[in-house]
Amino acid sequence: MKQISIVCEDRPNLIAEMIETVGREGVNIETLDSDAIHGTVVAVMTVDRYDDALRALAQGGFVAISEEALLIRLEDRPGALAEIAHRFKDADLPLRSVRIIRRSGGTGIVALTTARTDEALALVKDVLIA
Amino acid sequence: MPLPDQDLQRLDDLETTVARETQELLGYPCSAEFDYSPLYRFLRYPMNNVGDPFVESNYKLNTHEFEREVLAEFAELTRAPADHWGYVTNGGTEGNMYGIFLGRELFPDGLVYYSEDTHYSVSKILRCLHVRNIMIKSLPDGRIDLDDLRETVRIHRDVPPIVFANVGTTMKGAVDDLAGIRSILDDLAIQRHYIHADAALHGMLLPFVPDPPPWNFDAGIDSISISGHKLIGSPLPCGVVLALKRNVDRIARSVEYIGTLDTTLSGSRNALTPLFLWHALRSRGREGFRQLIERCLATADHAIGRLEALDLHPWRHENSPIVVFDRPSMPLVRRWQLAVQGRIAHLITMPHVGREHVDRMVASLAADRMAEVSSS
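Residues numbered from 1 in each chain as written. Chains lettered and ligands numbered in written order. Predicted model: local features only at pLDDT ≥ 70, side-chain atom pairs only at ≥ 80, totals over all residues. Heavy atoms only, no water.

**Q** Is there a simple way to explain the overall build of chain A in this structure?
**A** Counting its secondary structure elements, chain A contains four helices and seven strands. Ordered by position from the N terminus, the helices and strands of chain A form the series β-α-β-β-α-β-β-α-β-β-α. The C-alpha radius of gyration computed for chain A amounts to 15 Å, which stays within 12% of the reference 14 Å derived for 130 residues, consistent with globular compactness. Judged by the C-alpha coordinates and their principal axes, chain A covers about 45 × 30 × 20 Å. The buried share among the 130 residues of chain A stands at 45%. Sequence separation of 24 or more characterises 67% of the internal contacts of chain A that already satisfy a separation of 6 or more. Carbon and sulfur atoms form 45% of the exposed surface of chain A, whose accessible area is close to 6400 Å². In chain A, the 15 positive side-chain charges and the 21 negative ones have mean positions that sit 5 Å from each other. (Helix = DSSP H or I, 4+ residues; strand = E, 2+ residues; numbered from the N terminus. Rg over C-alpha atoms; globule rule 2.2 N^0.38 Å. Buried < 20%, exposed > 50% of the residue type's maximum accessible area, 1.4 Å probe, protein only. Contact = heavy atoms within 4.5 Å. Areas by Shrake-Rupley, 256 points an atom, 1.4 Å probe, with all protein chains shown as cover. Lys, Arg positive; Asp, Glu negative; His and termini not counted. Charge placed at Lys NZ, Arg CZ, Asp CG, Glu CD.)

**Q** Would you explain the environment of A:Ser34 in this entry?
**A** All names here are of chain A. Note on placement: Ser34 falls in strand S2 (residues 29-37). A relative accessible area of 45% places Ser34 in the partly exposed class. Each C-alpha atom, one on Ser34 and one on Val7, is 9.7 Å from the other, the two residues being 27 residues apart in sequence. Those residues in contact with Ser34 that sit more than four places away from it in its chain are Ile15, Val41, Val42 and Ala43.

**Q** Honestly, helix H3 (residues 92-106) of chain B in this entry has me stumped. Any pointers?
**A** Helical geometry: 3.6 residues make up each α-helical turn, so side chains three or four residues apart lie on a common side. Residues and elements named next belong to chain B. In this model, H3 (15 residues) spans 21 Å end to end at C-alpha, consistent with the 21 Å of a helix rising 1.5 Å per residue. The buried fraction of H3 amounts to eleven of the 15 residues, a majority that puts the element mostly inside the structure. Every buried residue of H3 is accounted for by Gly92, Glu94, Gly95, Asn96, Tyr98, Gly99, Ile100, Phe101, Leu102, Gly103 and Leu106. (Expected span 1.5 Å × (residues − 1).)

**Q** Can you help me understand a nonpolar patch on the surface in this one?
**A** All names here are of chain B. Residues Leu3, Leu8, Leu11, Leu14 and Val18 make up a contiguous nonpolar surface patch of about 430 Å² in total accessible area. The topology assignment puts Leu11 in helix H1 (residues 5-22). By relative accessible area, which is 45% here, Leu11 ends up partly exposed. (Patch = residues over 30% accessible without salt bridge, like charges linked within 9 Å, V, L, I, M, F, W, Y side chains within 5 Å. Salt bridge = Lys/Arg side-chain N within 4 Å of Asp/Glu carboxyl O.)

**Q** Could you clarify how one ought to interpret the sheet that holds strand S10 (residues 322-326) of chain B in this entry?
**A** Pairing between sheet strands relies on hydrogen bonds along the backbone, with the strands arranged either parallel or antiparallel. All names here are of chain B. Taking strand neighbours across the sheet as the criterion, the three strands line up as S10-S12-S11 in an open arrangement whose pairing is antiparallel. Edge positions in the sheet fall to S10 and strand S11 (339-341), since each of these pairs with one other strand and no more. Each strand of the sheet is rotated relative to its neighbour by a mean of 30°, with strand direction disregarded. Summarising the sheet, S10 and strand S12 (residues 344-348) pair through five bridges and their orientation is antiparallel. Within S12, the position partnered with Ile322 by the bridge is Ile348. Strands in contact with helix H9 (residues 272-309) are S10 and S12; relative to S10, the strand with the most contacts, it is inclined by about 10°. (Pairing = 2+ DSSP bridges. Axes fitted to C-alpha atoms, helices over the stretch in contact; angles between N-to-C directions.)

**Q** Please clarify how the nonpolar core should be interpreted in this entry.
**A** Counting 128 residues, the largest nonpolar core has B:Ile181, B:Met204 and B:Met361 as its most contacted members. Of all the elements, H9(B) adds the most residues to this core, at 15 residues. Here B:Met204 is in contact with B:Phe74, B:Leu77, B:Ile226, B:Leu231, B:Ile232, B:Leu281, B:Phe289 and B:Ile293, once residues within four sequence places are set aside. Core analysis: the next-biggest nonpolar cluster, separate from the first, contains 16 residues, A:Ile4, A:Leu14, A:Ala43 and A:Phe62 among them. (Core = buried A, V, L, I, M, F, W, Y, C linked by side-chain atoms within 4.5 Å.)

**Q** Mind showing me how you'd approach the packing of helix H1 (residues 14-23) of chain A against helix H2 (residues 50-59) of chain A here?
**A** Helices that pack against each other are described as a pair by the angle of their axes relative to one another and the distance between those axes. Residues and elements named next belong to chain A. The geometry of H1 relative to H2 is characterised by a closest axis approach of 8 Å and an angle of 125° between their N-to-C directions. Relative to H2, H1 is oriented oblique. As H1 packs across H2, the resulting crossing turns out to be right-handed. Here Met18, Thr21 and Val22 of H1 come into contact with H2, specifically with Ala53, Ala56 and Leu57. Here the contact of H1 with H2 is built from residues that sort into five nonpolar, one polar and no charged. (Parallel < 35°, antiparallel > 145°, perpendicular 65-115°, else oblique. Left-handed = near helix turned anticlockwise from the far one by under 90°. Nonpolar A, V, L, I, M, F, W, Y, C, P; charged D, E, K, R; others polar.)

**Q** Help me understand the environment of B:Arg132 in this model?
**A** Within the secondary structure, B:Arg132 is located in strand S3 (residues 132-136). Sequence spacing of B:Arg132 and B:Tyr120 is twelve residues, and the spatial spacing of their C-alpha atoms is 16 Å. In this structure the side chain of B:Arg132 is engaged in a polar contact, spanning 3.0 Å, whose partner is the backbone oxygen of A:Leu95. (Polar contact = N/O pair within 3.5 Å; in protein donor to acceptor, adjacent residues only side chain to side chain.)

See below:
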């Protein structure tokens, strides 16, 4: 079962909109969890038709992140990202990409990709969202 | 063979739509103020600028000579050294791809640093080129956060940085602090680095304003991409990329069947867009562009005054025609083709946008607000 993470500003009926968006494409949601972090909602869903769900969410205006990326939460201050990068450097685990997904209320949500996801999971377990 | 009547009608309908929508084009940086009718005659020929504009091609139906003149003008405007090279691209994205491509070829293990206000197409380029990358925080005004950049580069100081700098961000028109970026690289004693500048819109503005920030080759960049269809205006998307020739030479590859050394990204290349750019540069001239930009910025100030009256918190960077303000309702965003991001929207006072144009939009914003108040 593949996992999709959706990051967006909290607003009423948000989860219902997500469900409706993928439902319109005939995608079945197997699991759905969500968490609100300082005005940002991070929802994690598993679905039966992964690519269709990703496409539907993106077309519906949602920031949908595939499971290749690890989502972490960071304090929104200079150098916070650098500290995470330092862990990867020390572990000799090159980061493939680092993308800031959203910043609000003093917290940043960041997507990381590396060639060795399992090792990366261990490195960021204290800040891992999904 | 003539088209059937119903197809001709469809084309008439399309023209009506495009002409109408052009009147309400406020949020995107495309100028609609141009007249290239003297060039229409060239639509009758299968012209193609395949290959390097500086190398003679076996395909003779080209406009390489005009393209070189266009590049020479841009080289002067961007203060490129004599050792430069470039070509007319299909738009800013191709120029940015070329810049990052050059950086990656020079430093295959390099890390691209770019700010979160960078245009989304750069993420696609990074994926296409399979280059490692780290997004750096932006300041609220859209410029790259130098503290965040410094700390992140410091950790990877053994890896050559390829800095993707914005000379005018898409949403806020912010110019990254190139002097500050250079200073970080110098402070960290990083000798091997590459700086590409994305100057899509502002690359044709900053040469003509009285006191521009550091933005061009004088500021230490290695390559720059400027759009042609934005401030200059063109019916076809186009742009210019310029780079240091010594870097370009490293990626040159011989392509024998067209008898040219092809260092461009695409094979066949548009031969008409260099003519459009040449026509615009020759007909308007530098003084014409200076006056044009002065007018654009004055219209931006007019828009700020009108939007302030509606308490929509408008602002702009000193040398940018991008006016940022509080996001209006979706029907108005659609009607005026405004670009939006989160809670902000922007309008851009491109050459075709006059004060009356702004006034019409502001009047519709005011009417929308009145309707909202009376319904609540």
